[in-house]
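As a plain string of letters, each chain reads:
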Amino acid sequence: MAERLALIDYGAGNLRSVANALKVAGADNVIVTADPDVVRRADRIVLPGVGAYRACATALRGVTGMIDALEERVLADAVPFLGICVGMQLLASRGVEHGVTEGLDWIAGEVRLIERTDPAIKVPHMGWNDVSPMHHGDGASLIRGGEAYFLHSYHFAADDGADVAAMTDHGGGLVAAVARDNILGVQFHPEKSQAYGLGLLSRFLGWQP
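All of the points below concern the structure found in this document. Bear in mind the structure is a predicted one, so any value in this text is a computation, not a measurement. (Residues numbered from 1 in each chain as written. Predicted model: local features only at pLDDT ≥ 70, side-chain atom pairs only at ≥ 80, totals over all residues. Heavy atoms only, no water.)

What to know about the overall build of the chain
- If you tally the helices and strands in the chain, you get 6 helices and 13 strands.
- Since a compact globule built from 209 residues should have a radius of gyration of about 17 Å, the 16 Å found for the chain is in line with a globular shape.
- Referenced to the eigenvectors of the C-alpha coordinate spread, the extents of the chain come out at roughly 55 × 35 × 30 Å.
- Among the 209 residues that make up the chain, the fraction classed as buried is 53%.
- In the chain, the proportion of contacts linking residues at least 24 apart, taken out of those at least 6 apart, comes to 71%.
- As presented, the chain carries roughly 8900 Å² of accessible surface, and 48% of it is formed by carbon and sulfur atoms.
- In the chain, the 17 positive side-chain charges and the 25 negative ones have mean positions that sit 5 Å from each other. (Helix = DSSP H or I, 4+ residues; strand = E, 2+ residues; numbered from the N terminus. Rg over C-alpha atoms; globule rule 2.2 N^0.38 Å. Buried < 20%, exposed > 50% of the residue type's maximum accessible area, 1.4 Å probe, protein only. Contact = heavy atoms within 4.5 Å. Areas by Shrake-Rupley, 256 points an atom, 1.4 Å probe, with all protein chains shown as cover. Lys, Arg positive; Asp, Glu negative; His and termini not counted. Charge placed at Lys NZ, Arg CZ, Asp CG, Glu CD.)

What to know about the packing of helix 1 (residues 15-24) against helix 6 (residues 194-206)
- Orientation of helix 1 relative to helix 6, taken along the N-to-C sense of each, is 70°, at an axis distance of 9 Å. What the angle tells us is that helix 1 and helix 6 run roughly perpendicular. In the crossing of helix 1 with helix 6, the sense of the turn from one axis to the other is right-handed. Judged by residue contacts, Ala 21, Leu 22 and Val 24 of helix 1 engage Leu 198, Leu 201 and Leu 205 from helix 6.
- Looking at the contact of helix 1 with helix 6 residue by residue, the classes come out as 6 nonpolar, no polar and no charged. (Axes fitted to C-alpha atoms, helices over the stretch in contact; angles between N-to-C directions. Parallel < 35°, antiparallel > 145°, perpendicular 65-115°, else oblique. Left-handed = near helix turned anticlockwise from the far one by under 90°. Nonpolar A, V, L, I, M, F, W, Y, C, P; charged D, E, K, R; others polar.)

Examining empty space enclosed by the protein
- Evaluation of the coordinates by the stated rule reveals 1 cavity of 30 Å³ or more.
- Put simply, the largest cavity is a space of about 40 Å³.
- If one sorts the elements of the lining of the largest cavity by residue count, helix 3 (residues 53-61) sits on top with 3 residues.
- Looking at side-chain class alone, the lining of the largest cavity contains 5 nonpolar, 1 polar and 2 charged residues. (1 Å grid on protein atoms, 1.4 Å probe; cavity = no way out; pocket = protein on both sides within 12 Å on 5 of 7 lines; lining within 4 Å. Points joined across faces, edges and corners; volume = space filled by probe spheres on them.)

Re the sheet that holds strand 6 (residues 101-102)
- Taking strand neighbours across the sheet as the criterion, the 4 strands line up as 6-5-7-10 in an open arrangement whose pairing is mixed. Looking along the sheet, the strands with just one partner apiece sit at the ends: strand 6 and strand 10 (154-158).
- As paired elements, strand 5 (residues 94-95) and strand 6 share 2 bridges and run antiparallel to each other. Each residue of the ladder has a partner; that of Gly 95, found in strand 6, is Thr 101. (Pairing = 2+ DSSP bridges.)

Some thoughts on the packing of aromatic side chains
- Scanning all chains against the criterion turns up 5 aromatic pairs.
- For the pair Trp 128 and Tyr 149, a centre-to-centre distance of 6.2 Å together with 75° between the ring planes defines the contact as edge-to-face. In this pair, Trp 128 sits in strand 8 (residues 125-133) while Tyr 149 sits in strand 9 (residues 146-152), placing the two residues 21 residues apart along the sequence.
- On the basis of relative accessible area, Trp 128 is assigned to the partly exposed category, the value being 42%. (Phe/Tyr/Trp six-rings, centres within 6.5 Å; stacked < 30°, edge-to-face > 60°.)

And the structure:
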């Protein structure tokens, strides 16, 4: 039986493009779902996210039982997990966009506005940029050097540098990916990053942390 990959639908992700990219990368059984019971039976989990941190966190908490199911399957059962863009930012302890909002607190840190240290630097950080691996933990091995597509105004400031899987540079260093154990989060959009993104998704589908 093909592995069941749960792509979480909480009203805050570009689900179609992520699902299509996962299928192109080799996923045979992508289930777009808002059902916690489906998540509890999943072999891999992907949490997408676009928009404001507070709106995404509120929407995820608004799906009854979803966070409990995610914690059971990801934290307790240790199935491979991938967070994309705001889905990655939600791994943090909190975000400060439109006021302080609690995150999942799976990887300690805070999501903050990108500081414009140079007037020539534009926010949001939008377009192609380098991804520089920082191979600290298990999930970091999935990240390869290359260029990916970014679109964000807030960034993940991790409390522990050991949780940083990759960096990028936009008027200064920004976290491009975080990882710990069976958890990987990427700030860039693999589904918009052409061959580079498909390569990452393919490695995620074969990952056995």
